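Each chain, written out:
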Amino acid sequence: MKTLKKQVALLVLTFLSFPSHRILASQEEKQQDSAAPSPLSYGVDVSFPIHNAKVSTNYPWLPHNVHADTHPTPSEYKNMPIQPLGNVQERYDEFIKGCHEYYPRFAKSCDITESDRIAMSLRQPASMQNYTQVGFQKIKTPPAVWKLISEFWEANKDKQNWSPENWGKGNTYTNHWAAPTYMVDVGNGGLRGGGYRLKNAIWDAARSTLQEWTGEELTQCSLYGIRVYTGGSILATHVDRLPLVTSAIVNVAQDVQEPWPLEVYSHDGKAYNVTMEPGDMVLYESHSVLHGRPFPMKGNYYANIFIHFEPTGHSLRHNAKFEGGVDVDEKYRESVSRGQGGHENFHDGLPSYIKVGSDEEIRWRRSHPSPQKAYTGQTEAHSAAAVGDLESLIKIIEKKKDMVHKKDVNGWTPIHEAARGGHVEVVRTLVERGADVNQVTGLTGEGGQSVLHLAIEHHGEDHPLVDYLMSLGAMSVGPEL
């Protein structure tokens, strides 16, 4: 045992001579670079806190690791993984300190965000149905997708087109307080070639690749970017909030001193560092595969776009036999209108990617009660706002002023319904009568959407409603990426 422990320690120390973020390599990288070290697989809580609030401090040179036969493992190190990356805890402490100092009045929000991220990292992957064996794959971006994205970037890459990204107070998914992130949004109609048409074109061009990879029929869900990270950026390791399930990252451009790897945890629990160059695409099951960039980026910028889909609950084989020619997105919208959450399965609308009997099913059913069995909390004001009936809405809120603020069981107020419908005058009227433009949906404070986020998601950044909300200083808050 003593000899084995020494060998392990020596092996780890040898790998420390490489830059920390280069310790692991994908199988593809190994084939391309024979000089790269063999992958050294490690699990969670080594490069960043994932399942616990602190990273491992169980260094290979500690006496109980080098001399196990004479030095029993102290209780604080039992079940703690070996830490081959050095004093990562110190870097994380600085990360959190930066958030606290940047948001002195909201320092507690930094801690709450971290607790939520860690809780999701523990709970969500275990509750998810996966569609691939490994959970991620690096490929070249399909030509049709790359043409759309690269042409937009080339036309708008100048820094005057970089808009500061709005992060909520105390948000810790990136260290934006030290390394700001920017958006060159493909949905922004004010940019050359931008707008909702381009957004839809990218979705349509990318869909077949991800459907082939998963074997599942997909509907578009979210398209985020182009996000531009700046030097020193860190992206906390996380899983995406539902319904972001089947996803792709495309590296659009970069100016870096050394590769800035995406660290992913495959379905076997092992960590891999995946490096990307412009034109590379990483497919990943973002609802269950932990992913992040925990090592500070060295360079000037790194630009990515994120393309997300949600499985409809039907396999491609099923569709080929029974559903040829059906508009997937239209069918999905019809299911949503029936209160089924877009999923026609055998479990009262439960999405196919959530395991029956899991913790996530319990959480999902709390926020998505069956319309046949439960009260939805929708008021007349919600209904009028949803269809843009301004005359009826005014009559309703003149009789009962508090209707402006009434929430349904999912935490939606009338202004959220109006934003989803794109009704500018309805939103304006609700704001004039006291509605909060930064009110977020949801009852738990997790995974909600703001009014502006809903407007952009459903109508694009060039819609008049978006212009109006932005003139009020509204914030776009939605699922974290």
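Enquirer: How would you explain the nonpolar core if you had to name every residue and give the values?
Expert: Counting 29 residues, the largest nonpolar core has W153, I226, I305 and I307 as the members making the most contacts within it. Every element with two or more residues in this core is listed here: α6 (143-156), α7 (196-214), β4 (216-230), β6 (246-256), β9 (280-285) and β11 (299-315). Counting residues per element, this core draws most heavily on α7, which supplies seven residues. Other than its neighbours up to four places away in sequence, I305 contacts I149, V186, I202, L223, Y224, G225, I226, A248, I249, V250 and V252. Ranked by size, the runner-up nonpolar core spans 28 residues in total, among them A381, I415, L430 and A455.

Enquirer: Any details on the side chain of T441? Residues and values, ideally.
Expert: By the secondary structure assignment, T441 is in the loop between α14 (424-432) and α15 (451-459). By relative accessible area, T441 is classed as buried at 8%. In terms of polar contacts, T441 uses its side chain to reach the backbone amide nitrogen of Q449, at 2.9 Å. In this structure, T441 is in contact with N410, G411, W412, H416, G448, Q449 and L454, ignoring residues within four places of it in sequence.

Enquirer: Account for the state of the cysteines, with residues named and values stated.
Expert: Under the criterion given, the structure shown has one disulfide. Two residues share a disulfide in this structure: C99 and C110, whose sulfurs sit 2.0 Å from each other. Sign of the S-S torsion, about -85° for the bond between C99 and C110, identifies this disulfide as left-handed. Here the residue C99 occupies a position in helix α4 (residues 88-102), and C110 occupies one in helix α5 (residues 107-127), the gap between them amounting to 11 residues. Both residues of the pair, C99 and C110, belong to the buried class.

Enquirer: Describe the pairing of strand β7 (residues 262-265), with residues and values.
Expert: Taking every second residue as pointing to the same face, both faces of β7 are buried, with L262 and V264 on one and E263 and Y265 on the other. In terms of strand pairing, β7 meets strand β8 (residues 271-274) through four bridges, oriented antiparallel. Within β8, the position partnered with L262 by the bridge is V274. Hairpin remark: β7 followed by β8, antiparallel, with five residues in the connecting loop; positive phi at G269, about 85°. Sheet topology places β7 next to strand β10 (residues 290-293); three bridges connect them, and they run antiparallel. Bridge pairing links E263 to G292 in β10.

Enquirer: Residues and numbers for the confidence of the model for the chain, please.
Expert: Detailed conclusions should not be drawn from predicted coordinates in areas where pLDDT is low. Mean pLDDT over the chain stands at 83; residues scoring 70 or higher make up 81%. Scored below 50 in pLDDT, residues 1-40 makes 56 contacts in the model with residues more than four places away or belonging to other chains. Across residues 371-375, where pLDDT falls below 50, the model places six contacts with residues more than four positions away in sequence or in other chains.

Enquirer: Describe the sheet that holds β7, listing the residues and the values that go with them.
Expert: Taken in spatial order, the four strands make up an open sheet running β5-β10-β7-β8, and their pairing is antiparallel. The sheet terminates laterally at β5 (235-238) and β8, the two strands that pair on one side only. Mean inter-strand twist for the sheet, computed between neighbouring axes without regard to direction, equals 20°. Lying on the sheet, α5 is in contact with β5 and β10; it crosses β5 at an angle near 35°.

Conventions and cut-offs
- Residue positions are given per chain, counting from 1 as you read along its sequence in written order.
- The predicted nature of this model means local features are confined to residues of pLDDT at least 70 and side-chain atom pairs, given and counted, to a pLDDT of 80 or more, with totals for whole chains, interfaces and linings taken over all residues.
- In computing side-chain properties, one takes all heavy atoms of the structure into account and sets aside hydrogens as well as water.
- Residues belong to a common nonpolar core when they are buried Ala, Val, Leu, Ile, Met, Phe, Trp, Tyr or Cys residues joined through side-chain atoms within 4.5 Å.
- Think of it in three bands: residues with accessible area under 20% of the maximum for their type are buried, residues over 50% are exposed, and the middle band is partly exposed, with areas taken using a 1.4 Å probe on protein chains only.
- Numbering of helices and strands runs from the N terminus; a helix is a DSSP stretch of H or I covering at least four residues, while a strand is a stretch of E covering at least two.
- Two residues qualify as a contact provided that any one of their heavy atoms is within 4.5 Å of a heavy atom in the partner residue.
- Pairs of N or O atoms within 3.5 Å make up the polar contacts considered here, provided that, within protein, one atom can donate a hydrogen while the other can accept it, and that residues adjacent in sequence are counted only when both atoms are side-chain atoms.
- The disulfide definition used here is simple: a pair of cysteine sulfur atoms within 2.5 Å.
- Pairs of strands are assigned from DSSP output, requiring at least two bridges between the strands.
- The pLDDT value expresses, per residue, how confident the predictor is, ranging between 0 and 100.
- Angles run from 0 to 180 degrees between N-to-C directions of axes, and those axes are lines fitted to C-alpha atoms, restricted for helices to the stretch in contact.

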